[in-house]
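# A closer look at the structure
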Amino acid sequence: LAALAGAVFVLINTIWLRVAHHFFGVEWRAGALFDSFIVQTGYAILWSVLALVLMVFAHRRGLRMVWMVGAALLGLTVFKLIFVDLANRGGFERIIAFISVGVMMLLIGYLAPLPPATEDKKA
């Protein structure tokens, strides 16, 4: 199940790269894709939306481990914002990325707090 989730995550990220290439004119080279502000901002927004979906789903079903995976993805997004997006010199895209991730974090805090831990039932 974890391998399937990882493969879906890679697929979604690859789809975003193709969208950035075809619709935003980013050259299809690894260096150009990595240096593109559009790609990096899109990753920040995409990852925070995926984290929001995972965490809301996990909260409603009471799946604490899935919620933790969403929290780890959100932590990875914040890490990327600090070490990748702040290193770039683009202004507008960086502002959009920070604001959108901040709004997603507020939504997660409101809609999907950590589910309670399940208690072991003894027979």
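Above this text is the structure in question.
Scope of this entry: the structure provided in the associated data block. Note that the coordinates shown come from a computational prediction; the quantities given were computed from them, not determined experimentally.

All right, on to the packing of helix H4 (residues 64-85) against helix H5 (residues 92-111) then. At their nearest, the axes of H4 and H5 sit 11 Å apart, and the two run at 160 degrees to each other. The angle between H4 and H5 places the two elements in the roughly antiparallel class. The hand of the H4/H5 crossing is left-handed. Residues Leu 74, Thr 77, Val 78, Leu 81 and Asp 85 of H4 pack against Arg 94, Ala 97, Phe 98, Val 101, Met 105 and Ile 108 of H5. Taken together, the residues of the contact of H4 with H5 break down into eight nonpolar, one polar and two charged.

Core analysis: the largest hydrophobic core is formed by 20 residues, its most contacted members being Trp 16, Val 39 and Tyr 43. If you list the elements that add at least two residues to this core, you get helix H1 (2-24), helix H3 (37-61), H4 and H5. When residues of this core are assigned to their parent elements, the largest contribution, nine residues, is made by H3. Not counting residues within four places of it along the chain, the set of residues in contact with Val 39 comprises Trp 16, Leu 17, Ala 20, Val 26 and Leu 33.

The next thing to look at is a nonpolar patch on the surface. Residues Leu 76, Phe 79, Ile 82, Phe 83, Leu 86 and Phe 98 make up a contiguous nonpolar surface patch of about 570 Å² in total accessible area. The biggest single contributor to the nonpolar patch is H4, with four residues. As for its position among the elements, Phe 83 is in helix H4. On the basis of relative accessible area, Phe 83 is assigned to the exposed category, the value being 53%.

The next point concerns the packing of aromatic side chains. Counted under the stated rule, the structure contains four aromatic pairs. Among the aromatic residues, those joined into a cluster by ring pairs are Phe 9, Tyr 43 and Trp 47. The cationic tip of Arg 18 hangs over the ring face of Trp 28; the distance from NZ or CZ to the ring centre is 4.5 Å.

Turning next to the pattern of salt bridges. In this structure the tally under the stated criterion is two salt bridges. For Asp 85, the salt bridge is made with Lys 80, and the minimal N-O distance between the two is 3.0 Å. For the pair Asp 85 and Lys 80, one class covers both residues: buried.

By the element assignment, Asp 85 lies in helix H4. On the basis of relative accessibility, which here comes to 5%, the residue Asp 85 falls in the buried class. Side chain to side chain, Asp 85 and Lys 80 meet in a polar contact 3.0 Å long. Those residues in contact with Asp 85, other than ones at most four positions away along the chain, are Gln 40, Ala 44, Lys 80, Arg 94 and Ala 97.

About the cut-offs
Residues numbered from 1 in each chain as written. Predicted model: local features only at pLDDT ≥ 70, side-chain atom pairs only at ≥ 80, totals over all residues. Heavy atoms only, no water. Axes fitted to C-alpha atoms, helices over the stretch in contact; angles between N-to-C directions. Helix = DSSP H or I, 4+ residues; strand = E, 2+ residues; numbered from the N terminus. Parallel < 35°, antiparallel > 145°, perpendicular 65-115°, else oblique. Left-handed = near helix turned anticlockwise from the far one by under 90°. Contact = heavy atoms within 4.5 Å. Nonpolar A, V, L, I, M, F, W, Y, C, P; charged D, E, K, R; others polar. Core = buried A, V, L, I, M, F, W, Y, C linked by side-chain atoms within 4.5 Å. Buried < 20%, exposed > 50% of the residue type's maximum accessible area, 1.4 Å probe, protein only. Patch = residues over 30% accessible without salt bridge, like charges linked within 9 Å, V, L, I, M, F, W, Y side chains within 5 Å. Areas by Shrake-Rupley, 256 points an atom, 1.4 Å probe, with all protein chains shown as cover. Salt bridge = Lys/Arg side-chain N within 4 Å of Asp/Glu carboxyl O. Phe/Tyr/Trp six-rings, centres within 6.5 Å; stacked < 30°, edge-to-face > 60°. Lys NZ or Arg CZ within 6 Å of the ring centre and 35° of its normal. Polar contact = N/O pair within 3.5 Å; in protein donor to acceptor, adjacent residues only side chain to side chain.

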